[in-house]
2 protein chains.
Amino acid sequence: MKISALKNQIFLKKSFLCIGLDVDLDKVPSSVKAMEDPLFEFSKAIIDSTAAYAVAYKPNIAFFETYGSQGMASLKRVMDYLNKNYPEIFTIADAKRGDIGNTATRYAKAYYETYNFDSITVAPYMGKDSVEPFLSFKEKYAILLALTSNVGSSDFQTQKIGTQMLYEKVIQSSAQWKGSDRLMYVVGATKASAIKGIRNLIPNAFLLIPGVGAQGGSLAEVAKNGLNKDVGLLVNSSRGIIYASTDKDFAIKAGTASEVLQKQMQQILEKKQLI
Amino acid sequence: MKISALKNQIFLKKSFLCIGLDVDLDKVPSSVKAMEDPLFEFSKAIIDSTAAYAVAYKPNIAFFETYGSQGMASLKRVMDYLNKNYPEIFTIADAKRGDIGNTATRYAKAYYETYNFDSITVAPYMGKDSVEPFLSFKEKYAILLALTSNVGSSDFQTQKIGTQMLYEKVIQSSAQWKGSDRLMYVVGATKASAIKGIRNLIPNAFLLIPGVGAQGGSLAEVAKNGLNKDVGLLVNSSRGIIYASTDKDFAIKAGTASEVLQKQMQQILEKKQLI
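About the thresholds
- Residue indices follow the written sequence of each chain, beginning from 1 at its first position.
- For this description, chains carry letters from A and ligands carry numbers from 1, given in the order in which they are written.
- For this predicted model, a pLDDT threshold of at least 70 governs which residues receive local features, and a threshold of 80 or more governs which side-chain atom pairs are given and counted, while totals over whole chains, interfaces and linings are taken from all residues.
- By definition, residue pairs are in contact when their C-beta atoms, positioned from the backbone, come within 7 Å.
- Strands here are runs of E lasting at least two residues and helices are runs of H or I lasting at least four, both read from the DSSP assignment and numbered beginning at the N terminus.
- Axes, fitted as lines to C-alpha atoms, cover a helix only where it is in contact. Angles between the N-to-C directions of the axes lie from 0 to 180 degrees.
- Just so you know how the angles are binned, under 35 degrees is roughly parallel, over 145 roughly antiparallel, 65 to 115 roughly perpendicular, and the rest oblique.
- Left-handed describes a crossing in which the near helix is turned anticlockwise from the far one by less than a right angle; the clockwise case is right-handed.
- By the convention adopted, Pro, Cys, Tyr, Trp, Phe, Met, Ile, Leu, Val and Ala count as nonpolar, Lys, Arg, Asp and Glu as charged, and the other residues, Gly among them, as polar.
- Here a residue counts as buried when 20 or more other C-beta atoms fall within 10 Å of its C-beta, as exposed when 12 or fewer do, and as partly exposed in between; the C-beta atoms come from the backbone.
- DSSP calls a pair of strands paired once it identifies at least 2 bridges connecting them.
- Expected span, for any helix, means 1.5 Å times one less than how many residues it has.
- Copies overlap after least-squares fitting; the atoms used are the C-alpha atoms of residues with pLDDT of at least 70 in both.

1. Brief notes about the interface of chain B and chain A
Then, in step 1: Each side of the interface is counted separately: chain B has 47 residues, and chain A has 47 residues.
Then, in step 2: Taken together, the elements giving at least two residues each to the side of chain B that touches chain A come down to helix 4 (62-65), helix 5 (68-85), strand 3 (90-97), helix 6 (101-114), helix 7 (128-131), strand 6 (160-161) and helix 8 (166-174) of chain B.
Then, in step 3: Among the elements that line the side of chain B that touches chain A, the one with the most residues is helix 6 of chain B, at six residues.

2. Examining the packing of helix 3 (residues 38-50) of chain B against helix 5 of chain B
Residue and element names in this part refer to chain B.
Then, in step 1: At a minimum axis separation of 9 Å, helix 3 and helix 5 run at an interaxial angle of 25°. By the angle class used here, helix 3 and helix 5 are roughly parallel. Judged by the twist between their axes, the crossing of helix 3 over helix 5 is right-handed. Taken together, the residues of helix 5 that come into contact with helix 3 (itself represented by Leu-39, Phe-40, Ser-43, Lys-44 and Ile-47) are Gly-71, Ser-74, Arg-77, Val-78, Tyr-81 and Leu-82.
Then, in step 2: Within the contact of helix 3 with helix 5, the residues separate by chemical class into six nonpolar, three polar and two charged.

3. Some thoughts on the pairing of strand 2 (residues 56-59) of chain A
All names here are of chain A.
Then, in step 1: Because side chains alternate across strand 2, one face comprises the buried residues Ala-56 and Lys-58, and the other comprises Tyr-57 and Pro-59, equally buried.
Then, in step 2: Of the strand pairs in this sheet, strand 1 (residues 17-21) and strand 2 are connected by four bridges, and their pairing is parallel. Counterpart to Cys-18 in the pairing with strand 2 is Ala-56.

4. Digging into helix 5 of chain B
Then, in step 1: Taking 1.5 Å of rise per residue, 18 residues should cover 26 Å, and helix 5 of chain B covers 26 Å from first to last C-alpha, within 8% of that figure.
Then, in step 2: Looking at helix 5 of chain B, one finds that the buried residues are B:Ser69, B:Gly71, B:Met72, B:Ala73, B:Ser74, B:Leu75, B:Val78, B:Met79 and B:Leu82.
Then, in step 3: Taken together, the buried residues of helix 5 of chain B touch helix 5 (68-85) of chain A together with helix 3, strand 2 (56-59), helix 4 and strand 3 of chain B.

5. As for the sheet that holds strand 4 (residues 119-122) of chain A
Residue and element names in this part refer to chain A.
Then, in step 1: Ordered in space as 1-2-3-4-5-8-9-10, the eight strands form a closed barrel in which the pairing is parallel. In this sheet, adjacent strand axes meet at a mean angle of 30° when their direction is disregarded.
Then, in step 2: Direction of pairing for strand 1 relative to strand 10 (residues 233-237): parallel, over a ladder of three bridges. By the bridge assignment, Leu-17 is partnered in strand 10 with Val-235.
Then, in step 3: This element, helix 10 (residues 219-226), spans strand 9 (207-209) and strand 10 of the sheet and lies at about 165° to strand 10.

6. Observations concerning the relation of the copies chain B and chain A
Then, in step 1: In the superposition of chain B on chain A (RMSD 0.0 Å, axial shift 0.0 Å), the rotation amounts to 180°. Considering both components of the superposition, the chain copies are consistent with a two-fold axis.
Then, in step 2: Of all interface residues in chain B, 100% are interface residues in chain A too; the two copies therefore contact each other through one and the same surface.

Remember, this is a structural readout, not a statement about activity or role.
Set out below in structure tokens:
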């Protein structure tokens, strides 16, 4: 997908909502669990009821991978469904892959081509030659882990290297790599105060922000510090939407929960005079 | 697998050889490529011809994942074959996964349970709560990226945090985490001089050493700096063995190439009076 198409969607839907498909079969209604392909059926129902409010979907690959080849077949069905019925929506493989050269290219081909995602999350630890292979596919995007929302982010990410924290060095270095115009970054919503500094380092890059809702991040704070002239944010919600109800009405309630977030986003965009 | 069983294998076979199954269908003989499941058939032939010399196999997950659910079904067949016919051999999922909490547990279950590996390689960037979930399974091991063999390892891994390099901090911090007795580390053979310092930090942990052969690392240097009283090393070779020939005799040549490495390892162990 062209980045301009993602931006168009954001302005059209007045939303920068990404919905995380962390489909946990222990949490889906028994009526869905009894179906032949519950991972697909649950995802499909969520997608159909929320697509009017979302600009991106982010399947969490671990939740498919744990079911072996069958789980990956379900992932393929989800992606085929999304690409056929909602080709305008941006797709993110939340895979956090990271390896070098030829291996990285295989991961890129798996997610960009075999499963036909627009983007994939990537880990930076191995450096430039582990990320650039993900940046060499036309209209495909790597979303690099920068500052994550979990407690363990203080173990290494916020450690000081000279005058910078590691995550700042990751951002600044990677912005120089080949294909960095196709680079986005993961920044946790629980680190809203850091987003301002990150925006100074990369004014134009899209930020994927998990951690709003269940993890306690504030949408208003994130928007205050992270919005740029193109909006430049994808704020993710997973559990708050897909498990808004764990009963038969899960899809309806997911739609309602995502509409609530979309309306909050619309207000923010109007207040900032971005729409 | 119990760690004592891995140690027994090492002394029994006089070998600390790990064989990387980076099965590239562009490099396998056309006779294999024409078969119904070439990923499996090639792996099986390599395993059967090299198992006498190797103590571990390390399938590179990207090379299976790139073929979608079919690729993962091939991986399952490889693992079922290995576990049935060579249950004494240690298995490593070279997956370099890294995510938090529930997601990490799903990845762990995928590789420890669904595919029945003994271990998985894991990336440290997200910190403690992204690694500990991989350390909470009985007789299953996480192999943490520390200092990798690629050029990009200098981007972040060797950057100084206070008086330590990042990879040293990763090693020292992780050695305090819950379940760290089930933690091993990836250290590139091209960084042989650093292995001595790493041994001081973690005298007892196993080190998985890629980069001997094709990437230019020296087995003698690695052994000099890395051996401990239990041997404590798994030295990996992938391309040098599995593509020793790209013709019909690939399996025979792989056997010969692995025997050559095993003999070198035996000599090193004898010289060090470890056997």
